[in-house]
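# Observations on the model geometry
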Amino acid sequence: MSLEQFFGFDSGEGMNEASFELFKEKMKAAAAQMAASKKEEGKQKKKEEELLKILLKFIQNSQKKELVLLISRALEQNLPANFILAIILLGNEEIEEAIGNYLKLQAGPDAQEKALIFFKEDETMPLKIKIELDIWMKNLLFQAEENPHRLVKNSYDIEILEDEDGRISEEKSMKIILIQLTAHVLKEFLDSKNFPNDYDSIMDFAEFSLKGILQKTEENLKNRKLLK
């Protein structure tokens, strides 16, 4: 296929002057798009580096040994720093002060129960706690979209299975460290609010919530591919 055919200029006589000018405009637009994409990648890389610095400083200075261990193990799995920070943001003033409003979604002064999405039906939980948890969940969804490919890729363990007929299949399961980190942060938060909870239920809730976030992230990735 010639360049003329590829860009839709095949008239049987090659590319005339008008077609060539249009071709140059398309090339110019493509170059601008590539430059914008590289610039965005550079911004994202810089942001990741800054957030990683915040996490490493927290690991070095925090007295919360169990949380520090869980964060370290999550980083070892190459999970995005912004998503790890979004998880531990709940109820951790040290992190809130370090990042300000960098990752934080604001409820606003007029936040009401009608704005709730995730905890609206829970009548056992005080409104203030529901609002904080709801903002946290929305922020996790938002941050998942910052680096979706890496998050989805590194959030699962893949096991290769072979059946009796020799057919190969893959079975994926969410990495336990991601569930443990989320559950630990959630339990600490509820404990600080003197809200009754038990670890097993929180682990189930953490896995359920993360599964929903990752599925939504994967759906959005597929939709982007379809649009392209």
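These notes cover the structure that comes with them. (Residues numbered from 1 in each chain as written. Predicted model: local features only at pLDDT ≥ 70, side-chain atom pairs only at ≥ 80, totals over all residues. Heavy atoms only, no water.)

Moving on to the side chain of Asn 154. Assignment of secondary structure puts Asn 154 in helix α7 (residues 148-154). Residue classification places Asn 154 among the buried residues on the basis of a relative accessible area of 11%. At a separation of 3.0 Å, a polar atom in the side chain of Asn 154 contacts the main-chain carbonyl oxygen of Asn 78. Here Asn 154 is in contact with Gln 77, Asn 78, Leu 79 and Lys 175, once residues within four sequence places are set aside. (Helix = DSSP H or I, 4+ residues; strand = E, 2+ residues; numbered from the N terminus. Buried < 20%, exposed > 50% of the residue type's maximum accessible area, 1.4 Å probe, protein only. Polar contact = N/O pair within 3.5 Å; in protein donor to acceptor, adjacent residues only side chain to side chain. Contact = heavy atoms within 4.5 Å.)

For helix α3 (residues 65-76), built from 12 residues, the straight-helix expectation of 16 Å at 1.5 Å per residue is met to within 8% by its first-to-last C-alpha distance of 17 Å. Those residues of α3 lying buried are Leu 67, Val 68, Leu 70, Ile 71 and Ala 74. Axial view of α3: buried residues confined to an arc of 165 degrees, hence all on one face. Within α3, the exposed residues directed more than 90 degrees away from the buried face are Lys 65, Glu 66 and Glu 76. After α3 finishes, the residue Asn 78 shows a positive phi value of roughly 60 degrees. (Expected span 1.5 Å × (residues − 1). Arc of directions from axis to C-beta.)

Turning our attention to the pairing of strand β2 (residues 168-174). Alignment of strand β1 (residues 156-162) against β2, held across 7 bridges, turns out to be antiparallel. Opposite Ile 160, over in β2, you have Glu 170 as the bridge partner. (Pairing = 2+ DSSP bridges.)

Here Leu 140 lies in helix α6 (residues 127-144). In this structure Leu 140 comes out as buried when scored by relative accessible area, which is 2%. Residues contacting Leu 140, with those up to four places away along its chain left out, are Phe 83, Ala 86, Ile 87 and Ile 213.

Right, let's talk about the packing of α3 against helix α8 (residues 176-192) for a bit. Here α3 crosses α8 at 150 degrees, and the two axes come no closer than 9 Å. Relative to α8, α3 is oriented roughly antiparallel. By crossing handedness, the relation of α3 to α8 is classed as left-handed. Mapping the contact onto sequence places Glu 66, Leu 67, Leu 70, Ile 71, Arg 73 and Ala 74 in α3 and Ile 177, Gln 180, Leu 181, His 184 and Val 185 in α8. Here the residues of the contact of α3 with α8 sort into 7 nonpolar, 2 polar and 2 charged. (Axes fitted to C-alpha atoms, helices over the stretch in contact; angles between N-to-C directions. Parallel < 35°, antiparallel > 145°, perpendicular 65-115°, else oblique. Left-handed = near helix turned anticlockwise from the far one by under 90°. Nonpolar A, V, L, I, M, F, W, Y, C, P; charged D, E, K, R; others polar.)

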